[in-house]
Amino acid sequence: MTVPGGQRRRARPGAPIRESKVSLRRLLRVASVACGIQFGWALQLSLLTPYVQELGIPHAWSSVIWLCGPLSGLFVQPLAGLMSDRCTSRFGRRRPFIVAGASSIVFAVLVIGHSADIGWLLGDRGEIKVRAIAAFVVGFWLLDVANNMTQGPCRALLADLTGDHRGGEEVYMNQREGFEVAGSEHIVCRLKKSICVFEQAARKWYMYFHEDHRRTRVANAYFSLFMAVGNVLGFATGSYSGWFKIFPFTLTTACNINCANLKAAFLIDIVFILITTYVSISAAHEQPLVSSEAYTPFSAEGGHEESSPAQEAFLWELFGTFRHLPGTVWVVLLVTCLTWIGWFPFLLFDTDWMGREVYGGKPNNGPNYSIGVRMGALGLMLNSVFLGITSVLMEKLCRKWGAGFTWGLSNILMSLCFVSMLVIAYVVKNLDFRNDLPPIGVVIAALIVFAVLGIPLAITYSVPYALISTRIESLGLGQGLSMGVLNLAIVIPQVVVSLGSGPWDQLFGGSNSPALAVAAVSAIASGLVAILAIPRTRVEKLRVYQ
């Protein structure tokens, strides 16, 4: 095999030909874009389910609005990942998609924030604001599309910078001395990382590639940390009720105080997304691909092998890759699916649960509901603090206990928290505080549960991506498409929850408890599967190779 022109260098026998590793400081800057993205996502999670009910959509159908998220994730993120794998822009493969996604986020939040004003201009005057709802839904769907367009390439960029897919890089080794093929001494061997990590490989090879796996976990932990920072800032912004005083122009005839606070919060989000996007793309110095064939495996004398799965059509090919997946990847996908069946009801109804179940309020009916929503946003801010702390400790936890075992324990903790929420809702239901605020002890208990949920959420945002990116490389997929494989295990359960959680809750009186009960069962199941079925690999096992 000849070395591709852009990577032809002198190779020592037994030594890999690779570029120098990307510094952790650069990885930190690249991951910072997660802060801006998650700032807007935090506002979306904390404020938009209550807001759409204030526009006139019943609680039973408010979850259907969120259907756009998983549907756009099903199509947009795999497509964006595959297209970024093939992108030959002079600005790199991932950065054009990150910039396009960030620009779309800015436009979408402007539409959402001004949806009431748009509806007023188009003739809304009644209690149910049909035109405002239409503008809101358009902006909401566009925001989910933009988030999926951005997050996939962001994750893939980090995988590029820490794995063996950096800019189409391959690993080569010269023919060993005394074993050269006569007349073909210039031919080198291309190595597969999946082969080099087996026990019988030389220890220096094992250590070389094990370091890449560790850096992949570190990069995903950085991403998770910035998501936590974005969550803290976003939820803190959503919990503050005085933005309309700081930005008085947001208060209009069509837009009341709650609406004005939402609009102002999204304007702040625009500033954050612009800053973090610039910091990230300026730090990621990608090597442009010469052509879309840069990911095509080379055969002898520069000829091309058959197309890899990443070079077929995107969605049906994505499903086709499942028959090539090893058993451990299937286990990771199953645990991911069960985990998100647990998470999505909470993410849909967290602040709504606080407003309804804890504060006993209803949208547009007294102050209790809006107070509960803001208190829920405060709880989510505390959740993000715990998420950030866990992200910092993530690498040590995975090194000590193994990634799968850590993930399983966190999901069991998540299930216990959901059970606690059911207990709190039951206690409040049997209290009689009429129009007064609930007892402070109940509110503190709810805030503690919200905060502790940040621990398993940090694991969910990091460990599955690291497990997939280090196990799926042997298939020859680009990192963008491999993220799309994991994304399918996330969006399919979200579609089910979006369609079923509202009507399911309505069957039991309209509360959020039935969906949380399903979430608790799914979380405990995912935890047990992760602990029992994902192989435990710890750093201590390296001693075997010394």
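Worth saying up front: this structure is predicted, and the values here are computed from it rather than measured.

The next thing to look at is the overall build of the chain. Of regular secondary structure, the chain possesses 19 helices and two strands. A buried classification covers 59% of the 546 residues belonging to the chain. Element-wise, carbon and sulfur atoms account for 65% of the exposed surface of the chain, whose accessible area totals about 22400 Å².

Moving on, we get to the confidence of the model for the chain. Residues at a pLDDT of 70 or more form 72% of the chain, whose mean pLDDT is 75. In the predicted structure, residues 1-19 sits below a pLDDT of 50 and forms 58 contacts with residues beyond four places in sequence or in another chain. The low-confidence segment residues 164-170, where pLDDT is below 50, has 27 contacts with residues more than four positions distant or belonging to other chains.

Before going further, it helps to examine the pattern of salt bridges. The full count for this structure, using the stated rule, is three salt bridges. Across the pair aspartate 352 and arginine 356 runs a salt bridge, and its minimum N-O distance is 3.1 Å. With aspartate 352 and arginine 356 both in helix H13 (residues 327-358) and four residues apart, this pair spans about one turn of that helix. Exposure remark for aspartate 352: the relative accessible area of 0% places this residue in the buried category.

The next point concerns empty space enclosed by the protein. Counted according to the given criterion, the structure contains three cavities of 30 Å³ or more. The volume enclosed by the largest cavity comes to roughly 360 Å³. Elements that contribute at least two residues to the lining of the largest cavity include exactly helix H2 (33-55), helix H4 (68-86), helix H7 (130-162), H13, helix H17 (454-471) and helix H18 (479-507). Space inside the second largest cavity adds up to approximately 60 Å³. Taken together, Gln38, Leu45, Asn231, Phe235, Phe346, Leu347, Asp350, Leu380, Asn383, Leu457 and Tyr461 make up the full set of residues lining the second largest cavity.

Before going further, it helps to examine the packing of H2 against helix H11 (residues 257-283). In contact at an axis separation of 8 Å, H2 and H11 are set at 160° when each is read in the N-to-C sense. As far as their axial angle goes, H11 and H2 are roughly antiparallel. As H2 packs across H11, the resulting crossing turns out to be left-handed. Contact with H2, carried on its side by Val33, Cys35, Gly36, Ile37, Phe39, Gly40, Leu43, Leu47, Leu48, Tyr51 and Glu54, involves Asn258, Cys259, Leu262, Ala265, Phe266, Ile268, Asp269, Phe272, Ile273, Thr276, Thr277 and Ser280 of H11 and no other residues of that element.

With respect to the helices and strands, the residue asparagine 411 is situated in helix H15 (residues 403-429). Judged by its relative accessible area of 0%, asparagine 411 is buried. Leave out the neighbours within four places in its chain, and asparagine 411 touches Val335, Thr339, Thr460, Ala523, Ile524, Ser526 and Gly527.

Glancing now at the side chain of lysine 263. Looking at the secondary structure, you find lysine 263 in helix H11. Judged by its relative accessible area of 4%, lysine 263 falls in the buried class. Among the polar contacts made by the side chain of lysine 263, one reaches the side chain of aspartate 117 at a distance of 2.7 Å. Non-local contacts of lysine 263, meaning those with residues more than four positions away in its chain, are made with Gly113, His114, Asp117, Thr250, Thr252 and Cys255.

Looking now at the packing of aromatic side chains. Summed over all chains, the structure comprises eleven aromatic pairs. Each ring, one from phenylalanine 39 and one from phenylalanine 272, has its centre 4.6 Å from the other, and the planes form 10°; the classification is stacked. Of this pair, phenylalanine 39 sits in helix H2 while phenylalanine 272 is found in helix H11, placing the two residues 233 residues apart along the sequence. A residue is classified by how much of its surface remains accessible, and phenylalanine 39, at 1% relative accessible area, is buried. Exposure remark for phenylalanine 272: the relative accessible area of 26% places this residue in the partly exposed category. A connected cluster of aromatic rings, assembled from ring pairs, spans Trp343, Phe346, Trp353, Phe418 and Phe450.

Rules used in this analysis
Residues numbered from 1 in each chain as written. Predicted model: local features only at pLDDT ≥ 70, side-chain atom pairs only at ≥ 80, totals over all residues. Heavy atoms only, no water. Helix = DSSP H or I, 4+ residues; strand = E, 2+ residues; numbered from the N terminus. Buried < 20%, exposed > 50% of the residue type's maximum accessible area, 1.4 Å probe, protein only. Areas by Shrake-Rupley, 256 points an atom, 1.4 Å probe, with all protein chains shown as cover. pLDDT = per-residue confidence, 0-100. Contact = heavy atoms within 4.5 Å. Salt bridge = Lys/Arg side-chain N within 4 Å of Asp/Glu carboxyl O. 1 Å grid on protein atoms, 1.4 Å probe; cavity = no way out; pocket = protein on both sides within 12 Å on 5 of 7 lines; lining within 4 Å. Points joined across faces, edges and corners; volume = space filled by probe spheres on them. Axes fitted to C-alpha atoms, helices over the stretch in contact; angles between N-to-C directions. Parallel < 35°, antiparallel > 145°, perpendicular 65-115°, else oblique. Left-handed = near helix turned anticlockwise from the far one by under 90°. Polar contact = N/O pair within 3.5 Å; in protein donor to acceptor, adjacent residues only side chain to side chain. Phe/Tyr/Trp six-rings, centres within 6.5 Å; stacked < 30°, edge-to-face > 60°.

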